Amino acid sequence: MMERTVVRCADGHVFTAASFPMQQAERLGPGRLLRCPRCARLRSVVPVTLQKQQ
């Protein structure tokens, strides 16, 4: 089963992506181009770091 990654697009929309290509390639940086379901366009996206709320 594929792990889903929570990402944020350049316009601030948060969604999950089934694949986040080359996630371990640090030299490329955190951003990737994926289609945002809200914008319906290719956007630069970065993974969202989930923080535990107290």
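Each value, and the rule that gives it
- Residues numbered from 1 in each chain as written.
- Predicted model: local features only at pLDDT ≥ 70, side-chain atom pairs only at ≥ 80, totals over all residues.
- Heavy atoms only, no water.
- Pairing = 2+ DSSP bridges.
- Helix = DSSP H or I, 4+ residues; strand = E, 2+ residues; numbered from the N terminus.
- Buried < 20%, exposed > 50% of the residue type's maximum accessible area, 1.4 Å probe, protein only.

S.K.: Outline the pairing of strand β3 (residues 32-36), listing residues and values.
M.R.: Note: β3 against strand β4 (residues 41-47), five bridges, orientation antiparallel. Bridge pairing links Cys36 to Arg41 in β4. If you look at the hairpin formed by β3 and β4, you'll find four residues sitting between the two strands, and Ala40 has a positive phi there, around 60 degrees.

S.K.: Describe the pairing of β4, naming the residues involved and giving the relevant values.
M.R.: Sheet topology places strand β1 (residues 5-9) next to β4; three bridges connect them, and they run antiparallel. Within β4, the position partnered with Val7 by the bridge is Pro47.

S.K.: A description of the environment of Pro47 should follow, citing residues and the corresponding values.
M.R.: Following the sequence through the fold, Pro47 ends up in strand β4. Take Pro47: its relative accessible area is 31%, and that puts it in the partly exposed class. Sequence spacing of Pro47 and Arg32 is 15 residues, and the spatial spacing of their C-alpha atoms is 9.2 Å.

So yeah, pure geometry; function would need other evidence.
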